[in-house]
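# Structural description and commentary
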Amino acid sequence: MTIQILHNPRCSTSRNALAKIRESGHEPEIIEYLKNPPTREELVAILMAMGTSPRHVLRAKEPLAQELGLLDPAKTDRELLDAMLEHPILIERPIVITGKGARLCRPLDKLAEIL
């Protein structure tokens, strides 16, 4: 099974997700999304696989989200997506993608749904 993880090595939840994937006997493709951000098409495909909107993966606790006014419910999906593409730190993590789908693995037990 092919597994990808949008990973931030500074995030303990992301590190724990990576460890759990490896414990399950798989070596995922690690995408350090802050160094190699997804393209618009890739991020849209991930959101479609998750069956969700950009607001679901917006890192609301990131101060930049507040500074840019992204917590305003009037912001459109396009505006949120544009901001996440310009500032990948706004993408919540870890996002894990497998043949069974894609999940924001926060809390970590969401990982079991797609492994």
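What this report covers is the structure whose coordinates are included nearby. (Residues numbered from 1 in each chain as written. Predicted model: local features only at pLDDT ≥ 70, side-chain atom pairs only at ≥ 80, totals over all residues. Heavy atoms only, no water.)

This part takes up the overall build of the protein chain. The helix and strand tally for the protein chain stands at four helices and four strands. N-terminal to C-terminal, the α/β element order of the protein chain is β-α-β-α-α-α-β-β. In terms of overall size, the protein chain behaves like a compact globule, its C-alpha atoms giving a radius of gyration of 14 Å where 115 residues would be expected to give roughly 13 Å. Considering only C-alpha atoms, the protein chain reaches an extent of 40 × 25 × 25 Å along its principal axes. Looking at the protein chain residue by residue over its 115 residues, the buried ones come to 41%. Across the protein chain, contacts joining residues at least 24 apart in sequence account for 60% of those joining residues at least 6 apart. (Helix = DSSP H or I, 4+ residues; strand = E, 2+ residues; numbered from the N terminus. Rg over C-alpha atoms; globule rule 2.2 N^0.38 Å. Buried < 20%, exposed > 50% of the residue type's maximum accessible area, 1.4 Å probe, protein only. Contact = heavy atoms within 4.5 Å.)

Sheet architecture is open: four strands sit in the order β2-β1-β3-β4, paired in mixed fashion. The sheet is open, and its two edges are formed by β2 (29-32) and β4 (101-104), each paired on a single side. Taking each pair of neighbouring strands and ignoring which way they run, the sheet shows an average axis angle of 15°. The strands touched by helix α1 (residues 12-23) are β1 (4-7), β2 and β3 (95-98); relative to β1, the strand with the most contacts, the crossing angle is about 160°. Lying over the sheet, helix α2 (residues 40-50) contacts β1, β3 and β4, oriented at roughly 95° with respect to β4. (Pairing = 2+ DSSP bridges. Axes fitted to C-alpha atoms, helices over the stretch in contact; angles between N-to-C directions.)

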